[in-house]
Amino acid sequence: MRRPFHAPIAIAIATFAAALLWAPGDAQAQRSRAPDNYGAVTLLLGFGGEAEYDSQNVNVNVQGQSDLEASLGLGGRYMAPLHKHFALGGALGFLSWQTNARDNNNLDRSSLLDLSLVPAGVLPVGRDLELYLSLPLGLTLGFGNEEAAASAGGVTMATVETDPGVGLNLGLMFGLRVPVSGSIGFLGELGFSYHAFSQDVTSRITVLGNTTSTTAEVDVSMGQLAMNLGIFF
């Protein structure tokens, strides 16, 4: 699978490192103690990227890749700063995703549930801005359903059923937090998100009343440019 988003990741790391090196000392002194714990609710967006499929089933050859369409989801997190330059927390995210190939075959969107640990390097800049670089990583559950792939005369001739699967997620996000009123404010993040998981995919074809069923374990890996927007409190 191609890795088309190395440049944004490198830019995010370089920006954070430069800010850490050149931040004024008096601005850091204003935040000498660790800030309060906070929770956040976020809108999750994914752009570009590819999904790659691979199966070792001897009866079914499921291999290839397809461009990803835009992904959309919701997330929540809780962060506990352990030091003025380091925070640790947890995140839960639900993401709906689709590929061009699946969409062209009139298959529904699939979904992912992420449960992640989120370590973050933090850079306070004055009283009104905080920059951070986070590395979310954790468990991913992939979900699917039974979908009609073909029909004739209003009668379904072929279906594809995807069982829940398990895998992992990994991300690298450059973000900022800006307070608006008291402990409430806005946050924004930009970076890269990667998922890899395995699912059992069952295909059923019905011809003249006879149904043939074939199941294959399919490994899915996908990476996208990620942007998260939310409110912290």
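In what follows, the structure referred to is the one given above.
Residues numbered from 1 in each chain as written. Predicted model: local features only at pLDDT ≥ 70, side-chain atom pairs only at ≥ 80, totals over all residues. Heavy atoms only, no water.

Visitor: Can you tell me about the overall build of the chain, naming the residues and giving the values?
Guide: The helix and strand inventory of the chain stands at three helices and twelve strands. Burial analysis of the chain (233 residues in total) assigns 41% to the buried set. Across the chain, the fraction of contacts at a sequence separation of at least 24, relative to all contacts at a separation of at least 6, is 68%. Summed over all atoms, the accessible surface of the chain reaches about 12,100 Å², with 62% contributed by carbon and sulfur. (Helix = DSSP H or I, 4+ residues; strand = E, 2+ residues; numbered from the N terminus. Buried < 20%, exposed > 50% of the residue type's maximum accessible area, 1.4 Å probe, protein only. Contact = heavy atoms within 4.5 Å. Areas by Shrake-Rupley, 256 points an atom, 1.4 Å probe, with all protein chains shown as cover.)

Visitor: Pulling in residues and values, what's your account of a nonpolar patch on the surface?
Guide: Taken together, the side chains of Leu82, Phe86, Leu88, Leu117, Leu135, Leu137, Leu168 and Leu170 present a nonpolar region at the surface, about 660 Å² in accessible area. Along the chain, Leu117 turns up in strand S5 (residues 110–125). (Patch = residues over 30% accessible without salt bridge, like charges linked within 9 Å, V, L, I, M, F, W, Y side chains within 5 Å. Salt bridge = Lys/Arg side-chain N within 4 Å of Asp/Glu carboxyl O.)

Visitor: Can you tell me about the packing of aromatic side chains, naming the residues and giving the values?
Guide: Counted according to the given criterion, the structure contains two aromatic pairs. Residues Tyr38 and Phe232 carry aromatic rings whose centres are separated by 5.8 Å and whose planes lie at 65° to one another, so their mutual orientation is edge-to-face. Taken as a pair, Tyr38 in strand S1 (residues 38–55) and Phe232 in strand S12 (residues 210–232) lie far apart in primary sequence, 194 residues in all. Measuring from ring centre to ring centre gives 6.3 Å for Trp97 and Phe197, while their planes differ by 70°; the resulting arrangement is edge-to-face. Linking Trp97 in strand S4 (residues 86–97) with Phe197 in strand S11 (residues 184–207), this pair joins segments that are 100 residues apart in sequence. (Phe/Tyr/Trp six-rings, centres within 6.5 Å; stacked < 30°, edge-to-face > 60°.)

Visitor: Summarise the pairing of S5; cite the residues concerned and give the values.
Guide: Successive side chains on a regular strand alternate, one facing one side of the sheet and the next facing the other. Bridge analysis of S4 against S5 gives twelve bridges, and the strand direction is antiparallel. Bridged to Ser96 within S5 is Ser111. Alignment of S5 against strand S7 (residues 137–143), held across seven bridges, turns out to be antiparallel. Bridge pairing in S7 places Leu117 opposite Leu137. The antiparallel pairing of S5 with strand S6 (residues 129–134) creates a hairpin that spans three residues between the two strands, and Gly126 there sits at a positive phi of about 65°. (Pairing = 2+ DSSP bridges.)

Visitor: An account of the nonpolar core is requested, with residue identities and associated values reported.
Guide: Side chains of a nonpolar character, in soluble globular proteins, are inclined to be buried together. Counting residues in hydrophobic clusters, the biggest one holds twelve residues: Ala51, Tyr53, Leu68, Trp97, Leu112, Val160, Phe197, Val201, Ala216, Val218, Val220 and Met222. When residues of this core are traced back to their parent elements, those giving at least two are S1, S11 and S12. If you tally residues by element for this core, the top one is S12, at four residues. Leave out the neighbours within four places in its chain, and Leu112 touches Gly93, Phe94, Leu95, Trp97, Thr140, Leu141, Gly142, His195, Phe197 and Met222. (Core = buried A, V, L, I, M, F, W, Y, C linked by side-chain atoms within 4.5 Å.)

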